[in-house]
Amino acid sequence: KPHPRSNTMGWLANHLSNIPGWAVVTLKEDGLDFTPDMREVELGSTAEIVARFDENYAAARAALAEATDSDMMKNWTLSSQGKQIFSMPRVACLRGMIMNHMIHHRAQLTVYLRMNDLPVPGLYGPSADEGSF
């Protein structure tokens, strides 16, 4: 980890593997009441993390394909122990709270990879590590 207050690369990769699953909850449920005992699935190997991401991504794509325009405009609410944190249309939650969150952490992971002299994958086309720049 790059700083004592930062999370580890393993935590970050695990977190990224779980985020697409949030889309399923957003599209299939009216909300989520987050409690302190709720924890993300923590996996030990790169293969397990990639498999979890692929599983969550496929489930998110399927849920999105089933959603209607009306479904997307229904409010979704995040609470913590009964106290509302926010409520917004599902489409706004998907974009603002899920996709942007994943983009943010994906960018962090590329920095972690670079700092550890590991190859950075292409994000918007080939990376310098893929020999195209």
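Scroll up to find the structure.
Think of each chain on its own: its residues are numbered from 1, step by step along the sequence as written. In view of the model being predicted, local features appear only for residues whose pLDDT reaches at least 70, and side-chain atom pairs are presented and counted only at 80 or more, with totals across whole chains, interfaces and linings using the full set of residues. Only hydrogens and water are set aside when side-chain values are computed; all heavy atoms of the structure are taken into account.

**Notes on the pattern of salt bridges**
Then, in step 1: We define a salt bridge as a contact between a side-chain nitrogen of Lys or Arg and a carboxyl oxygen of Asp or Glu at a distance within 4 Å. Under the criterion given, the structure shown has 5 salt bridges.
Then, in step 2: Taking the shortest distance from any N to any O, the salt bridge between E66 and K28 comes out at 2.4 Å. With E66 in helix α2 (residues 46-66) and K28 in helix α1 (residues 9-28), this pair connects stretches of sequence that are 38 residues apart. What counts as a helix is a DSSP run of H or I of at least four residues, what counts as a strand is a run of E of at least two, and both are numbered from the N terminus.

**Overview of unusual backbone geometry**
Then, in step 1: The backbone of Q81 sits at a positive phi, close to 50 degrees, despite the residue not being glycine.
Then, in step 2: Structurally, Q81 is set in the loop between β2 (75-80) and β3 (83-89).
Then, in step 3: One non-glycine residue with positive phi stands out, namely D117, at about 55 degrees.
Then, in step 4: Position of D117 among the secondary structure elements: in the segment after α4 (90-115).
Then, in step 5: Judged by relative accessible area, which is 71%, D117 ranks as exposed. Buried, partly exposed and exposed residues are distinguished by accessible area as a fraction of the type maximum, computed with a 1.4 Å probe on protein chains only: under 20%, between the cut-offs, and over 50%, respectively.

**Side note on the packing of α1 against α4**
Then, in step 1: Only the stretch in contact is used when fitting a helix axis, every axis being a line fitted to C-alpha atoms; angles between N-to-C directions are given from 0 to 180 degrees. Here α1 crosses α4 at 165 degrees, and the two axes come no closer than 10 Å. Between α1 and α4, the crossing angle belongs to the class labelled roughly antiparallel. Between α1 and α4 the crossing geometry is left-handed.
Then, in step 2: A breakdown of the residues in the contact of α1 with α4 according to their chemical character gives 16 nonpolar, 5 polar and 2 charged. Angles below 35 degrees are treated as roughly parallel, those above 145 as roughly antiparallel, those between 65 and 115 as roughly perpendicular, and all remaining angles as oblique. In a left-handed crossing the near helix is turned counterclockwise from the far helix by less than a right angle, and in a right-handed crossing that turn is clockwise. Each residue is assigned to one class: nonpolar for Ala, Val, Leu, Ile, Met, Phe, Trp, Tyr, Cys and Pro, charged for Asp, Glu, Lys and Arg, and polar for all the others, Gly among them.

**With respect to the packing of α1 against α2**
Then, in step 1: Between α1 and α2, the shortest axis-to-axis distance is 8 Å and the interhelical angle comes to 20 degrees. As summarised for this structure, α1 and α2 are arranged roughly parallel, according to the angle between their axes. The hand of the α1/α2 crossing is left-handed. The segment α1 lies against α2, with A13, N14, L16, S17, N18, P20, G21, A23, V24, L27 and K28 engaging I49, R52, F53, N56, Y57, A59, A60, A63, L64 and E66.
Then, in step 2: Its residues assigned to classes, the contact of α1 with α2 shows 13 nonpolar, 5 polar and 3 charged. Two residues qualify as a contact provided that any one of their heavy atoms is within 4.5 Å of a heavy atom in the partner residue.

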